[in-house]
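Residues per chain, in single letters:
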Amino acid sequence: MSYNKTLDQLVFVGCYSTFENLAHVPKGTPASYSIHTYRLNQETGMLTLLSVSNEMQNPAFMRFHPQQNILYVCSESIKEDDKVIAFSISPTTGLIRKLCEHSTAGKSCCYLTLDKQQRHLLYVNYWDSSIGTFPVEGCGMFSPVKHVLRPQKRVKADNRGEHLSNRQSEPHAHAIVLDPYLGSVAYIPDLGEDVIKQYIYDIESGQLTPAGAIKADSMGITPSGPRYIEFHPTLPVAFLVNELSSTVSVFEFEQSEASLLVNQCTPDLSNFRETLIQIQSISTIPFAYPRHLNTCGRITVDPTGTFVLVSNRGHNSIAIFRISDQTRTLTEVGYFHTHGKTPRHFQFDKTGKFLIVANQDTDSIAVFHFDQKTGSLTFSGNRYEVHSPNFVCVCAPHAYQQHKL
């Protein structure tokens, strides 16, 4: 399949539908329909609601297949094992239909990654910090979990109250991202242990092998609470957002060290190779703003590779930084309020000209114009009521190949 340029992009919004089984406490309205599908007008930034679905409870993360019109969505619960569902997507109507589902063998699933060759779907469960892989077929369908790894230090919290009283008393994996060069080193920010855990990923078997850990922030404020890590599209640099300290750690990626790590016969955890070297720590909120009133949400690099964006939950803003081509460090551009509270997630459209923000605790999503030269955000005037939005996935649907008669 190929992208159909005659079709506007589809926007999928995941919403929290049940609050009592979450590891945190949303303040908005439980959603009657947990997935909303919109079409984005690429000229005006307006969204048209196409469909709604209550096929799954608390969709937490979405991943669109790069070659098939399939959307993978994971659920989020601390009371029962979560699941991943593969949905087929109609490029014209936006209708989604369940194809298959499989358990993650763990609780509070919060991140999904497809490897470069679309051989496996990798995931992490936040609550019990377990990680695993699903085999993926060429058509996009996936099979039951193949490998599961659980932390040596087990989670002790029995309920949300115990967890929120000290989120760093135990491991909590929050994302899994593969290096963009080899595709063989998996990085897992662990919010509970203040580190980025390294794993060697075997694309053939889907197995993940522990290969040491790197401190989340050795240059700034601690505790850090690492949440997400994002690689630059062309430069050997990675950006880690630290949820608890409201900072970004900037790392250089050492490809030669990564190659040696992957090719060594048996990882030596007592003398592992650090494939990320920190070069900067920078705050995501203004100097005088009380740090305890904010936690960070998402981090991303804009499609031009010029800016880094971070959402601030509490300050209720998107912090924007310019990336230096020479030093690969960040300089502050500004803070842009999101016209709502608790911007848990946001995403660019395919062109990079529009930014769609999910304001979780004010039951709304908002669309902004993004200036690709200056890095500034301007509210488009387009805001929509959506109960407890927590995730935004913008995808360019693939065109079906026409059969010749």
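To keep things clear, this report deals only with the structure shown in the data block.

Criteria and cut-off values
Residues numbered from 1 in each chain as written. Predicted model: local features only at pLDDT ≥ 70, side-chain atom pairs only at ≥ 80, totals over all residues. Heavy atoms only, no water. 1 Å grid on protein atoms, 1.4 Å probe; cavity = no way out; pocket = protein on both sides within 12 Å on 5 of 7 lines; lining within 4 Å. Points joined across faces, edges and corners; volume = space filled by probe spheres on them. Helix = DSSP H or I, 4+ residues; strand = E, 2+ residues; numbered from the N terminus. Nonpolar A, V, L, I, M, F, W, Y, C, P; charged D, E, K, R; others polar. Pairing = 2+ DSSP bridges. Buried < 20%, exposed > 50% of the residue type's maximum accessible area, 1.4 Å probe, protein only. Salt bridge = Lys/Arg side-chain N within 4 Å of Asp/Glu carboxyl O. Core = buried A, V, L, I, M, F, W, Y, C linked by side-chain atoms within 4.5 Å. Phe/Tyr/Trp six-rings, centres within 6.5 Å; stacked < 30°, edge-to-face > 60°. Lys NZ or Arg CZ within 6 Å of the ring centre and 35° of its normal. Disulfide = S-S within 2.5 Å.

## Here's the deal with the layout of surface pockets
By volume, the largest pocket amounts to about 1,400 Å³. What lines the largest pocket is a set of 41 residues, and nearest its centre among them are Arg63, Glu230, Arg298, Thr300 and Gln347. Sorting the residues of the lining of the largest pocket by element identifies β5 (59-64), β9 (109-114), β13 (177-178), β17 (226-231), β21 (295-301), β25 (343-348) and β29 (389-395) as the ones contributing at least two each. Across the lining of the largest pocket, the residue classes tally to 22 nonpolar, 10 polar and 9 charged. Its volume calculated, the second largest pocket comes out at about 720 Å³. Along the walls of the second largest pocket sit 30 residues, with His24, Glu243, Thr295, Arg313 and Arg344 positioned nearest its centre. Split by residue class, the lining of the second largest pocket holds 10 nonpolar, 11 polar and 9 charged.

## Notes on the sheet that holds strand β14 (residues 185-190)
If you walk across this open sheet you meet the 4 strands as β13-β14-β15-β16, and the pairing is antiparallel. The outermost strands of the open sheet, each flanked by one partner alone, are β13 and β16 (208-215). When β13 meets β14, the two strands line up antiparallel, connected through 2 bridges. Paired with Val177 across the bridge in β14 is Tyr187.

## A word on unusual backbone geometry
Cis geometry marks the peptide bond from Thr222 to Pro223, where omega comes out at 0°. Tracing the backbone through its elements, the reader meets Pro223 in the loop between β16 and β17. Positive phi values are uncommon outside glycine, yet Gln118 reaches one of about 55°. Judged by relative accessible area, Gln118 falls into the buried class, the value being 14%.

## Concerning the pattern of salt bridges
Considering all chains together, one arrives at 12 salt bridges under this definition. Residue Asp190 pairs with Lys197 through a salt bridge whose shortest N-O separation is 3.0 Å. The burial state of Asp190 is the same as that of Lys197; both residues are buried. Here Glu252 and Arg328 are joined by a salt bridge, their closest N and O atoms 3.9 Å apart. Separated by 76 residues along the polypeptide, Glu252 in strand β19 (residues 247-253) and Arg328 in the loop between β23 (317-323) and β24 (330-337) bring together distant segments of the chain. Here Arg328 falls in the partly exposed class, since its relative accessible area comes to 23%.

## Remarks on the nonpolar core
Generally speaking, a soluble globular protein has its nonpolar side chains buried in company with each other. With 85 residues, the main nonpolar core has Phe12, Tyr72, Leu112, Phe239, Leu276, Val308 and Leu330 as its most contacted residues. If you look at the next biggest cluster of nonpolar residues, it comprises 16 residues, including Ala31, Ile356, Val367 and Val392.

## Structural notes on the packing of aromatic side chains
For any pair of aromatic rings, geometry is given as the distance between the ring centres together with the angle between the planes. Taken as a whole and assessed by the stated rule, the structure comprises 13 aromatic pairs. With a centroid separation of 4.7 Å and 55° between ring planes, the pair formed by Phe61 and Phe391 is classed as tilted. Residue Phe61 is located in strand β5, and its partner Phe391 is located in strand β29; the two are separated by 330 residues in the primary sequence. Residue Phe61 is classed as buried on the basis of its relative accessible area, which comes to 5%. Joined through ring pairs, the aromatic side chains of Phe61, Tyr111, Tyr228 and Phe391 make up one cluster. The ring centre of Tyr228 lies 5.1 Å from the NZ or CZ of Arg227, which sits over that ring.

## Here we look at the state of the cysteines
Scanning all chains against the criterion turns up 0 disulfides. Left unpaired, Cys100 is separated from the closest cysteine sulfur, that of Cys139, by 8.6 Å. Under the relative-accessibility criterion, Cys100 is labelled buried at 12%.

## Some thoughts on the pairing of strand β11 (residues 131-135)
Taken across its 5 residues, β11 has 4 buried, putting it largely inside the fold. Here strand β10 (residues 120-125) pairs with β11 via 5 bridges, running antiparallel. Bridged to Leu122 within β11 is Thr133. If you look at the hairpin formed by β10 and β11, you'll find 5 residues sitting between the two strands, and Ser129 has a positive phi there, around 60°. Direction of pairing for β11 relative to strand β12 (residues 147-149): antiparallel, over a ladder of 3 bridges. When the sheet's bridge partners are listed, Thr133 is paired in β12 with His147.

So far we have only geometry, and geometry alone does not tell us how the molecule works.
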